[in-house]
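# What the coordinates show
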Amino acid sequence: MSAIYPNNMNRTCSSAFIINSLLLLYIIIAGCDKTFLPLEENDQYHFTIYGFLDASADTQWVRVMPVRENLYPGRDPIDAIVTLEHVESGSSVVMNDSLFGYFHDRYAWNFWTTWELHPEQTYRLTAERSDGKSSYAEVTLPKDFPIPVVETDDPQFGTSARVYFNDIEHLADVRVIHYLRFHHTGQEYIVPFGHLQQPFLQESGEYMIFINPSKDRETIGSLIGDNPHTTYPMQIFIASAGPEFRHFPLIDQREAVIPERISNITNGIGYLAGIVSKTIPYEMCLEEGTGIPESCETQPYPWSLNIPIWNIDNTSP
């Protein structure tokens, strides 16, 4: 059963939509030994697939769209059945489709499932048209890793903290998430702001990040102005990626526009990653009877609110 989500429900997907459009333009006009044809027939790429599979999330969301001739698709249903398969066992599930709406009447299809995924397992996501043409990606999720440990004096009053975590081969994401409450025209809005962190790999093989929440709040204040707000309890999000993961900030921009260089989608374009993540509160938990810092219990997935997390480093989701 399809559903339409309003503009403010998942604006994070808009970044993927822009990338889809740019990659599509490249497919249409690229080729130094061919005559320029704005709408050259495409018989190689069938779907664009963007997203990640997270063994720690209760719901998987992946953007799937047909490679198309127009930049701004409408809200009409697309010809696609999206299946997620556990390669080791052969079991599979058909993913549900949801239509997301954005600004200026722009739409995109995201497919979801609550099927439980497991670390160190391989999954294949396939999008197939009614004529049998399909695109697919296969990813292996990384192994699980211990819950990070937070060490601080008093995080409730904005003091700095150190976070320690280990046993991660491919570190994909480390960020602090601030939840702010806004009041506007009689309505209340909760907006999460994410601040990417710089991890330090120590000689012991353990990662450490240093968090200064007061500085984060100053940065947020400079972005939102005088709009009244209240800081909700903060969270720390850390993700480990599988062996196929590519660290996109290190990829040359000239290489990034070539679909074959960065895409792991067969007969399509885009990128699908496999991760395991941990979301923990910004607080220090102590081992009973010793006072030694220990891991706190994990918290719900930060994207479970179905609203975008804005990155305060570049003011974009």
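Here, the structure is the one placed above.
Residues numbered from 1 in each chain as written. Predicted model: local features only at pLDDT ≥ 70, side-chain atom pairs only at ≥ 80, totals over all residues. Heavy atoms only, no water.

Once that is clear, we can look at the nonpolar core. Soluble globular proteins tend to pack their nonpolar side chains together in the buried interior. The biggest cluster of nonpolar side chains holds 45 residues, and the ones touching the most others in it are Leu53, Val64, Leu125, Phe165, Ile236 and Ile238. Formed by eight residues, the second largest nonpolar core is a distinct cluster that contains Tyr179, Phe237, Ala239 and Ile275. (Core = buried A, V, L, I, M, F, W, Y, C linked by side-chain atoms within 4.5 Å. Buried < 20%, exposed > 50% of the residue type's maximum accessible area, 1.4 Å probe, protein only.)

To continue, consider the packing of aromatic side chains. The full count for this structure, using the stated rule, is four aromatic pairs. For the pair Trp61 and Trp112, a centre-to-centre distance of 6.0 Å together with 35 degrees between the ring planes defines the contact as tilted. Taken together, the residues Trp61 in strand E3 (residues 60-66) and Trp112 in strand E7 (residues 106-113) connect sequence positions 51 residues apart. Residue Trp112 is classed as partly exposed on the basis of its relative accessible area, which comes to 25%. Residues Trp115 and Tyr123 carry aromatic rings whose centres are separated by 6.3 Å and whose planes lie at 85 degrees to one another, so their mutual orientation is edge-to-face. (Phe/Tyr/Trp six-rings, centres within 6.5 Å; stacked < 30°, edge-to-face > 60°. Helix = DSSP H or I, 4+ residues; strand = E, 2+ residues; numbered from the N terminus.)

The next point concerns unusual backbone geometry. The phi dihedral of Glu120 is positive, around 60 degrees, even though this residue is not glycine. Mapping Glu120 onto the fold places it in the loop between E7 and strand E8 (122-128). Assessed through its relative accessible area of 54%, Glu120 is described here as exposed. A positive phi angle, near 60 degrees, is found at Asn267, a position not held by glycine.

Attention shifts here to the state of the cysteines. For the coordinates displayed, the defined rule picks out one disulfide. One disulfide bridge connects Cys285 with Cys296, the sulfur atoms lying 1.9 Å from each other. On the sign convention where negative is left-handed, the bridge of Cys285 and Cys296, at about 115 degrees about the S-S bond, is right-handed. Here Cys296 lies in the loop between strand E20 (293-294) and strand E21 (310-311) and Cys285 lies in strand E19 (residues 285-286), a separation of eleven residues in the sequence. For the pair Cys285 and Cys296, a shared accessibility class is recorded, and that class is buried. (Disulfide = S-S within 2.5 Å.)

Tallied over the entire structure, the rule returns seven salt bridges. Across the salt bridge formed by Arg124 and Glu138, the nearest N and O atoms sit 2.6 Å from each other. One end of the pair, Arg124, is in strand E8; the other, Glu138, is in strand E9 (residues 134-140), with 14 residues separating them in the sequence. Owing to a relative accessible area of 23%, Arg124 belongs among the partly exposed residues under this scheme. Arg162 is the partner of Glu151 in a salt bridge, and the nearest nitrogen-oxygen pair spans 3.1 Å. Linking Glu151 in strand E10 (residues 149-152) with Arg162 in strand E11 (residues 161-165), this pair joins segments that are eleven residues apart in sequence. Judged by its relative accessible area of 29%, Glu151 falls in the partly exposed class. Judged by its relative accessible area of 28%, Arg162 falls in the partly exposed class. In this structure, a network of salt bridges that share partners links the residues Glu85, Arg124 and Glu138. (Salt bridge = Lys/Arg side-chain N within 4 Å of Asp/Glu carboxyl O.)

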